[in-house]
Amino acid sequence: MGIVARQSIKGTVATYIGVAVGIVTTFFIQTKALQPEQIGLIDILLQCSLLFAGLAQLGTSSSAMRYYPFFKDEEHRDHGFFGWTLLVPLVGFAFFLLAFFAFKGAIVSFFTKDSEVGAELFAKYVNFVIPLAFFMLYISVFETNSNLLMRIVLPKFVREVGLRVATLAVYLLYFYKVIDFDGVIIGFCVFYGLATLINVVYLLSLQRVSFKIEWGYIKPQLRRDFLFYTLFMLTAALAGNVIPMLSKFFVAAKTSFRLAGVFTIATNIAAVVEMPYRSLGAISRPQISDAMAKHDVKAADALCKNVALHQFIAGSFVFFLVWVNIDFLFDLLPNGDIYRLGKWAVLLLSLSRLVYSTFAVTTTVLSYSKYYYYSLIFTVLLALMSLGLNAWWVPKWDVNGGALANVVSYLVYFVLLLAFIKWKIGVMPLSKKLLPVVLVILALFALNWLWTSTLTPFFSQWFDKTIIGLTLDAGLKSCLFLALGLAAIYKLKVSQSVNDLIDNGLKMVHLKR
């Protein structure tokens, strides 16, 4: 098994440990300890911080992947490449800090003018965006450097597990009245700062990075190309970084922070669908970058098909399990009747995440190709579609309007993008192997319909305590359908890697020699 597979599997394990912690935190502690408008506020503050950090990067994460092959030299500590990845975002942060204070009044007005509940909280805590954005910025930068060195597991653990455990601790302290809501916001700043510190210490421990920049190593042509690419990525980021957040922003600004809290819970449920891609995509980007730098289109095409197939397999099964158990999940949630308003938003957002995570690898290929500047056109198109649809549908259908705008925008975007990269680059993530996966998932949905029509009422009536029957029903059908689905994938030989994993699992439990 290659380094991509090993690191991806370890990263995915860390991701799903984080998911387990996140499920407890998001769905049982957060919904119990906080009011919906407080949940909405925290999410909007974090999203604003992510936007700030994404813009301040000046494209560092993408440019690092693109230009690292030109600096790669273990003996000379990559000629101070790490120093560049620190300096460029620092310049960007200073620039956008000035912009933040210049437009602070307009930002506050946008979120408070039409919002009905919770708007005054945003005006009170908006300045905490600054430290949060700074820490998020360098967490991303340090994680990118770890990706380049093929050492993704610890940074992934810090992001997916460490930050979630810290979030859980803060919410528990608030629930038991050890801290007030001010303490919650300050707590977020503290543990994001600690995560940043852990990542930089880990990078230094690898003894491959250096703060010293070798100014003379960068030739004039490379410098010009880097500056052009950085300016290009900054322009693209203005559109690209805001797209995933537009629906949340519009729900908060045009309805209420209370409904923004409902939308946040729906988004968190749907986010589980794309979890496998976070590791799979992160560890495959350097491989795609290397293939495109060598003009090896065949290798890039094989990588794309491999990433898309395995993400679609994993994402489809997660999507299926989420949706067939969605009512049960809302029954379990504290204040579940409030968050059930986002049920159909969960369906739409989950579809959006499945589409995005399956085909997001194409954006990586385009970014590292000679046609990278075309990605700006596609990104701006996506941003304009998302902006227009959210402005149109959120006031009409609140959380469902935001979710629908999200999925429609991504569907149109990827149809156009897939056609373009096939035409210009010769890479296509779609393959015939995706079709059996679709058929298996559709068959499982049909079986779930039969189960729900016949067995679910039986479990509900058999047990006096309804929650016991519902839990037994959800557990049995999830395990049964998952086993049937994996067996079908195995027999159809959709993926040799998946078959090998199943074989290894069966050997571990002594069901196969």
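Rules used in this analysis
Along each chain, residue indices are assigned from 1 in the same order as the chain's sequence is written. The predicted origin of the model limits local features to residues at a pLDDT of at least 70 and limits the giving and counting of side-chain atom pairs to 80 or more, whereas totals for whole chains, interfaces and linings rest on all residues. Hydrogens and waters are ignored; side-chain quantities use all the structure's heavy atoms. Under the scheme used here, helices are H or I runs from DSSP no shorter than 4 residues and strands are E runs no shorter than 2 residues, and both carry numbers assigned from the N terminus. Per-residue accessibility, obtained with a 1.4 Å probe over protein chains only, is compared with the maximum for each type, and a residue is labelled buried under 20%, exposed over 50%, and partly exposed between these values. Note on contacts: a residue pair qualifies if any of its non-hydrogen atoms lie within 4.5 Å across the two residues. In the sections that follow, a salt bridge refers to a side-chain nitrogen of Lys or Arg positioned within 4 Å of a carboxyl oxygen of Asp or Glu. Here, nonpolar core refers to any group of buried Ala, Val, Leu, Ile, Met, Phe, Trp, Tyr and Cys residues whose side-chain atoms link them within 4.5 Å. What a helix is expected to span follows from its residue count: subtract one and scale by 1.5 Å.

### Quick notes on the side chain of serine 367
Tracing the backbone shows serine 367 in helix 18 (residues 361-367). Serine 367 sits in the buried class, given a relative accessible area of 15%. For serine 367, the contacting residues outside a window of four places in its chain are Arg66, Tyr229 and Tyr372.

### Thoughts on the pattern of salt bridges
Following the criterion strictly, the structure yields twelve salt bridges and no others. Salt-bridge contacts for aspartate 331 lead to arginine 340; the nearest nitrogen and oxygen are separated by 2.8 Å. A salt bridge links arginine 340 to aspartate 337, with the shortest nitrogen-to-oxygen separation between them at 4.0 Å. Look at arginine 340 and you get partly exposed, because its relative accessible area is 27%. Overall, the relative accessible area of 65% leaves aspartate 337 in the exposed class. The network of salt bridges with common partners includes Asp327, Asp331, Asp337, Arg340 and Lys343.

### Some words on the nonpolar core
Within soluble globular proteins, side chains that are nonpolar generally end up buried alongside one another. Formed by 153 residues in total, the largest nonpolar core has its most connected members in Ile42, Phe111, Phe122, Phe181, Phe188, Tyr192 and Ile269. Take this core: its biggest share by element is 15 residues, from helix 19 (residues 374-424). Setting aside chain neighbours within four positions, we find phenylalanine 122 in contact with Leu41, Ile44, Leu45, Cys48, Ile107, Val108, Phe111 and Phe257.

### What about helix 2 (residues 36-56)?
Compared with the 30 Å implied by 1.5 Å per residue over 21 residues, the 30 Å span of helix 2 between its first and last C-alpha is a close match. In terms of residue burial, helix 2 counts as a mostly covered element, since 20 of its 21 residues are buried. Positive backbone phi, approximately 55 degrees, marks leucine 58, located one or two places after helix 2.

So far we have only geometry, and geometry alone does not tell us how the molecule works.
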